[in-house]
Amino acid sequence: MKKVLIAEDSSVIQNLAKKILEFQNFEIHAVKNGQQVLDELAKAEFDIILLDINMPVMDGMDCARAVRALADKKKAAIPMIAITGNARNYSMDEFKAAGFNDFLAKPLNFDSLVSQVKALTE
């Protein structure tokens, strides 16, 4: 079973994404900010990370850069998808520069969520 780490400070979006992906047979671990993502990564292996861009403590862009800078090369290469309510504030080039493989705009399109997660974890 593929393991997904979701960092999202909105529990509504977190719970919806969790339900949708669990229905698709993904194992979901959810946290509230980028620092917690790094803490989880230190303890466990994940197949993909979904990162909200606007979070307290450490935002998605800083977190993505920190993941890509990890000494553990396998963990540093984990696919990451940015989740943003302000897609217009960033270009795909900026997401790619931070280390993201793709992005999803809010409100989340759950078909896109499932297809992108599947594409990056197969």
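As shown above, the structure is provided for reference.
Residue numbers run consecutively from 1 along every chain, following the written order of its sequence. Residue-level local features of this predicted model are given only where pLDDT is at least 70; pairs of side-chain atoms are given and counted only at 80 or more, and the full residue set underlies all totals for whole chains, interfaces and linings. For side-chain calculations, the full set of non-hydrogen atoms in the structure is used, while hydrogens and water are omitted.

**Student:** Explanation requested: the side chain of glutamine 14 in the structure shown.
**Tutor:** Think of it this way: any DSSP run of H or I at least four residues long counts as a helix, any run of E at least two long counts as a strand, and we number them from the N terminus. Tracing the chain through its elements places glutamine 14 in helix α1 (residues 11–23). A 1.4 Å probe rolled over the protein chains alone gives each residue an accessible area, and that area as a share of the maximum for its type sets the label: buried under 20%, exposed over 50%, partly exposed in between. Relative accessible area serves as the criterion here: at 9%, glutamine 14 is assigned to the buried category. A polar contact of 3.0 Å, which involves the side chain of glutamine 14, links it to the backbone oxygen of glutamate 8. In this analysis, two residues are considered to be in contact whenever any of their non-hydrogen atoms come within 4.5 Å of each other. Sequence-distant contacts of glutamine 14, defined by excluding residues within four places in its chain, comprise Ile6, Glu8, Ala30, Val31 and Lys32. Between N or O atoms, a polar contact is any pair within 3.5 Å; within protein, one atom must be a potential hydrogen donor and the other a potential acceptor, and residues adjacent in sequence are included only when both atoms are from side chains.

**Student:** Mind showing me how you'd approach the sheet that holds strand β2 (residues 27–31) here?
**Tutor:** Sheet strands line up and pair through hydrogen bonds in the backbone, either parallel or antiparallel. A strand pair is defined by DSSP finding two or more bridges across the two strands. Sheet architecture is open: five strands sit in the order β2-β1-β3-β4-β5, paired in parallel fashion. Looking along the sheet, the strands with just one partner apiece sit at the ends: β2 and β5 (102–105). Between one strand axis and the next, the sheet turns by 20° as a mean value, whatever way the strands run. Two elements, strand β3 (residues 48–52) and strand β4 (residues 80–84), share four bridges in a ladder whose sense is parallel. When the bridges of β4 are listed, leucine 51 appears paired with alanine 82. In this analysis, axes come from line fits to C-alpha atoms, helices being fitted only over the stretch in contact, and the angle between any two N-to-C directions falls in the range 0 to 180 degrees.

**Student:** Explanation requested: the packing of aromatic side chains in the structure shown.
**Tutor:** For any pair of aromatic rings, geometry is given as the distance between the ring centres together with the angle between the planes. Within 6.5 Å between ring centres, the rings of Phe, Tyr and Trp (the latter by its six-membered ring) count as paired, and their orientation is classed by plane angle as stacked under 30 degrees, edge-to-face over 60, tilted in between. Following the criterion strictly, the structure yields three aromatic pairs and no others. Taking 5.4 Å as the distance between ring centres and 40° as the angle between the ring planes, the aromatic pair formed by tyrosine 90 and phenylalanine 95 counts as tilted. On the basis of relative accessibility, which here comes to 26%, the residue tyrosine 90 falls in the partly exposed class. For phenylalanine 95, a relative accessible area of 0% translates into the label buried. Taken together, the aromatic side chains of Tyr90, Phe95, Phe100 and Phe103 make up a single cluster linked through ring pairs. Geometrically, a lysine NZ or arginine CZ counts as sitting over a ring once it is within 6 Å of the ring centre and also within 35 degrees of the ring normal. Stacked on the ring of phenylalanine 46, the Lys or Arg lysine 3 has its end atom at 5.1 Å from the ring centre.

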